[in-house]
Amino acid sequence: MNIKVNSQDKKTGKPFKNRFSFSLGMGISMSTAPSFVDYVRNDLPVVNKDSIKSFGVGFEFFGAAEYDVSKEFSLKLDYSYFVKNLSETYSYFTYSYFYFIHQPYLIGFYVIRKKNYGFKFGAGLGYHFAQMTKDIGAGSNLVYHASVIG
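Residues numbered from 1 in each chain as written. Predicted model: local features only at pLDDT ≥ 70, side-chain atom pairs only at ≥ 80, totals over all residues. Heavy atoms only, no water.

This paragraph deals with the pattern of salt bridges. By the definition in use, this model includes five salt bridges. A salt bridge links Lys120 to Glu66; the nearest nitrogen and oxygen atoms lie 2.8 Å apart. Taken together, the positions of Lys120 in strand E5 (residues 118-137) and Glu66 in strand E2 (residues 55-68) put the pair 54 residues apart, joining distant regions of the chain. Of the residues examined, Lys120 reaches a relative accessible area of 43% and is grouped as partly exposed. On the basis of relative accessibility, which here comes to 10%, the residue Glu66 falls in the buried class. (Salt bridge = Lys/Arg side-chain N within 4 Å of Asp/Glu carboxyl O. Helix = DSSP H or I, 4+ residues; strand = E, 2+ residues; numbered from the N terminus. Buried < 20%, exposed > 50% of the residue type's maximum accessible area, 1.4 Å probe, protein only.)

Right under this line is the structure:
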C-alpha cells in the first residue's frame, strides 16, 4: 500500500489509490442554539431580554483523517470542538455562561474524480457531547450535560 500526501500524480494526473488525507484547523463560527438563548433570557433578571442575541460567535477547533477505500468511495473521521462564552452584567452582578461541544463524526463519501476536478457527495453520523457551566457567584458553578446524535 502506498501512502502519499499529494492529491494527484505529477506524471499522469490521476488520483492516487488508497490515499490518506489529514486536516487541522480553527476558526470563528456563528452559531445559534434557541433553547440555550431561551434559558438565558428566562434566567436573567433584566427587563430587556431582547438584548440577548439569537446568533453568537464561538471558536471551533477541528481535525480530520480521510482514507480512500476505493476510487469512488472514501471514509472520513472528523472531530470538532466548539467553545462559546456569554456574559451579561445586570446591576452589580455578572451572569456568565460557558459551554463547549465535542462533535465526532464518521462520514462516507461517493467521489467523482476527473483529471482537473472532483466532486464529493457524502453523509455521516456523529454523536455530540455538550457541557454548559453557569457561574452562580462565590466560586460556585452549576454544570449541565447533554448529548445527542448528529
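Attention shifts here to the confidence of the model for the chain. Keep in mind that low pLDDT regions are not for reading the predicted coordinates in detail. Taken over all residues, the pLDDT of the chain has a mean of 83, while the share at 70 or more is 85%. Highest mean pLDDT in the chain belongs to E2 (92); lowest belongs to helix H1 (residues 34-43) (81). Low pLDDT (under 50) marks residues 1-6, which in the prediction has 11 contacts with non-local residues, meaning those over four places away or in another chain. (pLDDT = per-residue confidence, 0-100. Contact = heavy atoms within 4.5 Å.)

Right, let's get into the packing of aromatic side chains. By the definition in use, this model includes 12 aromatic pairs. Taken together, a centroid distance of 6.3 Å and an interplanar angle of 85° make the contact between Tyr39 and Tyr97 edge-to-face. Pair noted here: Tyr39 is in helix H1 and Tyr97 is in strand E4 (residues 93-113), with a separation of 58 residues, a long-range link. Given the relative accessible area of 28%, Tyr39 is considered partly exposed. Seen from their ring centres, Tyr39 and Tyr144 are 6.0 Å apart, and the 70° between their planes marks the pair as edge-to-face. Residue Tyr39 is found in helix H1, and its partner Tyr144 is found in strand E6 (residues 140-149); the two are separated by 105 residues along the sequence. Taken together, the ring pairs connect Phe36, Tyr39, Phe82, Tyr97, Tyr99 and Tyr144 into an aromatic cluster. The aromatic ring of Phe109 is capped on one face by Lys120, whose charged end is 4.5 Å from the ring centroid. (Phe/Tyr/Trp six-rings, centres within 6.5 Å; stacked < 30°, edge-to-face > 60°. Lys NZ or Arg CZ within 6 Å of the ring centre and 35° of its normal.)

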